Amino acid sequence: MPPLTGLTHFDGTMGNWQGSGATAREQVAQVIEASGVRARPLRQARDWGYQRVSSGRSVLILDAAPPPIARMAVAGCASTLAFEFSNGDCRIITNCGGAGLVGATIPASLARGLRTTAAHSTLCIDDSNSTSILPDGKLGRGVNEVELFRRDVENATRLEANHDGYARRFGLNHKRLLLLRSDGLELRGEDMLIPDGRKRRRKKDDVQYALRFHLGPNIESDLISDGKGVLLRLEDGNLWQFRSTSSAIILEESVWVDGMGIPHEVRQMVISGSVGSGGGATGWLLKHMG
């Protein structure tokens, strides 16, 4: 039960992980009541791989492990180092979810797309998955190892993790740094592509990357004039701002699947760029404005 509730947001709903939709708080509460177990949400489920940081009314959840093996998850996703972030009853950054809810509203073709790295709030290189999805639906080669460091610093919690899913193909590791302020009103991040000394990249040219942040439902998003910021107005009236420290941000269409398997049109913020064999870094900031 503690690992299960470790995937819940501040409002008691579950995040969109490994093919699930956003399970309603009522369903989660029924499971907890039926279990008879009362325990705090698990902050670090090391064998499972998820990290949870709760600060004020904000919750940050990070996927810090390789994908599950095939026999453990029929709709396993290439979501390593993806994260979700909520404040109060509002999901701000989320994943698309829903790949395991194939039916009338989620056709098989869409479900396959919802399993990809691009359907999660993380970085992908050359529109490829950090762990391959084979034609028969099983997960193939990709992320084998994830290194994780978590510590409390002054007025914040710091998560630092990296994976080797792109090392074999591109000679680069993805490293993600997240720093959540203790009041939950500021999340700083940096995504780095670092050369892997054990591999030789097959491509000599620069590689393209896309850093995606899928927005939750009912969020109004508007680009700031300089192109490096987005104003986010939440359903509860709170205003947040997302900023890139380097490249411009593009707003694109996305989809978010609820716990009933119904997709909703949302938007995503995308930061794109290219790196050479020496790698590179992109910083960003998500901050409450009032």
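To be clear, the structure that these remarks concern was listed above.
Description of the structure in this document.

### Section: the nonpolar core
Part 1 of the argument: Within the largest apolar cluster, 40 residues are counted, with the highest numbers of intra-cluster contacts made by Phe83, Phe85, Leu232 and Met269.
Part 2 of the argument: The biggest single contributor to this core is strand β11 (residues 207-215), with six residues.

### Quick word on the sheet that holds strand β12 (residues 220-223)
Part 1 of the argument: Strand order across the open sheet formed by eight strands is β7-β8-β9-β10-β17-β14-β13-β12, with antiparallel pairing between neighbours. Only two strands of the sheet have a single partner each, and these edge strands are β7 (146-153) and β12. On average, each strand axis in the sheet is inclined to that of its neighbour by 15 degrees, with strand direction left out of account.
Part 2 of the argument: Here strand β10 (residues 186-195) runs beside strand β17 (residues 280-288); their pairing, made up of eight bridges, is antiparallel. Within β17, the position partnered with glutamate 190 by the bridge is glycine 283.

### With respect to the side chain of histidine 9
Part 1 of the argument: Structurally, histidine 9 is set in the loop between α1 (2-5) and α2 (25-35).
Part 2 of the argument: With relative accessibility at 3%, the residue histidine 9 sits in the buried group.
Part 3 of the argument: Excluding residues that lie within four positions of it along the chain, histidine 9 makes contacts with Met14, Gly15, Arg52, Val59, Ile61, Glu84, Phe85, Ser86 and Arg91.

### Considerations on the packing of aromatic side chains
Part 1 of the argument: Taken as a whole, this structure holds eight aromatic pairs when the rule is applied.
Part 2 of the argument: On the numbers, 5.7 Å between centres and 5 degrees between planes, the contact of phenylalanine 83 with tryptophan 284 is stacked. Residue phenylalanine 83 is found in strand β4 (residues 83-87), and its partner tryptophan 284 is found in strand β17; the two are separated by 201 residues along the sequence.
Part 3 of the argument: Taking the relative accessible area as the measure of exposure, phenylalanine 83 reaches 0% and is therefore buried.

Reading guide: rules and limits
- Residues numbered from 1 in each chain as written.
- Predicted model: local features only at pLDDT ≥ 70, side-chain atom pairs only at ≥ 80, totals over all residues.
- Heavy atoms only, no water.
- Core = buried A, V, L, I, M, F, W, Y, C linked by side-chain atoms within 4.5 Å.
- Buried < 20%, exposed > 50% of the residue type's maximum accessible area, 1.4 Å probe, protein only.
- Helix = DSSP H or I, 4+ residues; strand = E, 2+ residues; numbered from the N terminus.
- Pairing = 2+ DSSP bridges.
- Axes fitted to C-alpha atoms, helices over the stretch in contact; angles between N-to-C directions.
- Contact = heavy atoms within 4.5 Å.
- Phe/Tyr/Trp six-rings, centres within 6.5 Å; stacked < 30°, edge-to-face > 60°.

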